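Listed below are the residues making up each chain.
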Amino acid sequence: MGTYISLLRFTDQGIRSVKDTTKRGEAVAEGAKKFGARVTQLYWTMGSYDLVSVVEAPDDESATAFCLALGAQGNVHTQTLRAFSKDEMNAILAKMA
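Residues numbered from 1 in each chain as written. Predicted model: local features only at pLDDT ≥ 70, side-chain atom pairs only at ≥ 80, totals over all residues. Heavy atoms only, no water.

Peer 1: Mind laying out the packing of aromatic side chains, listing which residues take part and the relevant values?
Peer 2: Counted according to the given criterion, the structure contains 1 aromatic pair. For the cation-ring pair, Arg-9 lies above Tyr-49, with the distance from its terminal atom to the ring centre recorded as 4.4 Å. In this structure, Arg-82 packs its charged tip against the face of Tyr-4, placed 5.3 Å from the ring centre. (Phe/Tyr/Trp six-rings, centres within 6.5 Å; stacked < 30°, edge-to-face > 60°. Lys NZ or Arg CZ within 6 Å of the ring centre and 35° of its normal.)

Right, here's the structure in full:
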């Protein structure tokens, strides 16, 4: 499973219904299963981004489909980063030899 960190910002629609944000978060975590993914962490934040999520997904395609489906709901814009553990990074570095 790959790890993905998403930085999310509310859209106009999302901020208008902000009182439902924790319920939407629960629904998103449940919906991730459809893509073989799992939301391991979800934080509401202050600053440039309104939420930060950590998601595990079987591959980049599944993670991308999940993020696109989330964005299509219209409540958030996402910026997603592929994250590598120390072991994964060591395997990547080993391929440079």
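Peer 1: Please give an account of the nonpolar core that cites residues and values.
Peer 2: In this structure, Leu-8, Ala-37, Leu-51, Ala-57, Phe-66, Leu-70 and Val-76 are the most contacted members of the largest nonpolar core, which totals 13 residues. Mapped onto this core, the elements with two or more residues apiece are strand 1 (2–10), strand 3 (51–57) and helix 3 (60–72). Beyond its immediate chain neighbours, meaning those up to four positions away, Phe-66 contacts Val-28, Ala-32, Phe-35, Val-39 and Val-55. (Core = buried A, V, L, I, M, F, W, Y, C linked by side-chain atoms within 4.5 Å. Buried < 20%, exposed > 50% of the residue type's maximum accessible area, 1.4 Å probe, protein only. Helix = DSSP H or I, 4+ residues; strand = E, 2+ residues; numbered from the N terminus. Contact = heavy atoms within 4.5 Å.)

Peer 1: Break down the environment of Val-52 for me, citing the residues and quoting the values.
Peer 2: On the secondary structure map, Val-52 appears in strand 3. It is 16 Å that separates the C-alpha atoms of Val-52 and Leu-68, two residues lying 16 residues apart in sequence. Here Val-52 is in contact with Ile-5, Ser-6, Leu-7, Leu-8, Gln-41, Leu-42, Tyr-43 and Thr-45, once residues within four sequence places are set aside.

Peer 1: Give a description of the side chain of Thr-11 that names residues and reports values.
Peer 2: With respect to the secondary-structure elements, Thr-11 resides in the loop between strand 1 and helix 1 (12–16). In contact with Thr-11, other than residues within four places in its own chain, are Gly-74, Asn-75, Val-76 and His-77.

Peer 1: Kindly report on the pattern of salt bridges, identifying the contributing residues and their values.
Peer 2: Summed over the entire model, instances satisfying the criterion amount to 4 salt bridges. Its salt-bridge partner being Lys-33, residue Glu-30 comes within 3.1 Å of it at the nearest N-O pair. In this structure, Arg-38 engages Glu-56 in a salt bridge whose closest nitrogen and oxygen atoms are separated by 3.1 Å. With a gap of 18 residues between them, Arg-38 in strand 2 (residues 38–44) and Glu-56 in strand 3 connect regions that are remote in the sequence. Salt bridges sharing common partners tie together Asp-60, Arg-82 and Glu-88. (Salt bridge = Lys/Arg side-chain N within 4 Å of Asp/Glu carboxyl O.)

Peer 1: Give me the sheet that holds strand 2: which residues, what numbers.
Peer 2: Reading across the sheet, the 4 strands line up as 2-3-1-4 and stay open at both edges, with antiparallel pairing between neighbours. Here the strands that pair on one side only, and so sit at the sheet edges, are strand 2 and strand 4 (76–83). Direction aside, neighbouring strands of the sheet carry axes that sit 20° apart on average. Bridging between strand 1 and strand 4 involves 8 bridges; their strand directions are antiparallel. (Pairing = 2+ DSSP bridges. Axes fitted to C-alpha atoms, helices over the stretch in contact; angles between N-to-C directions.)

These figures come from the coordinates and say nothing about function on their own.
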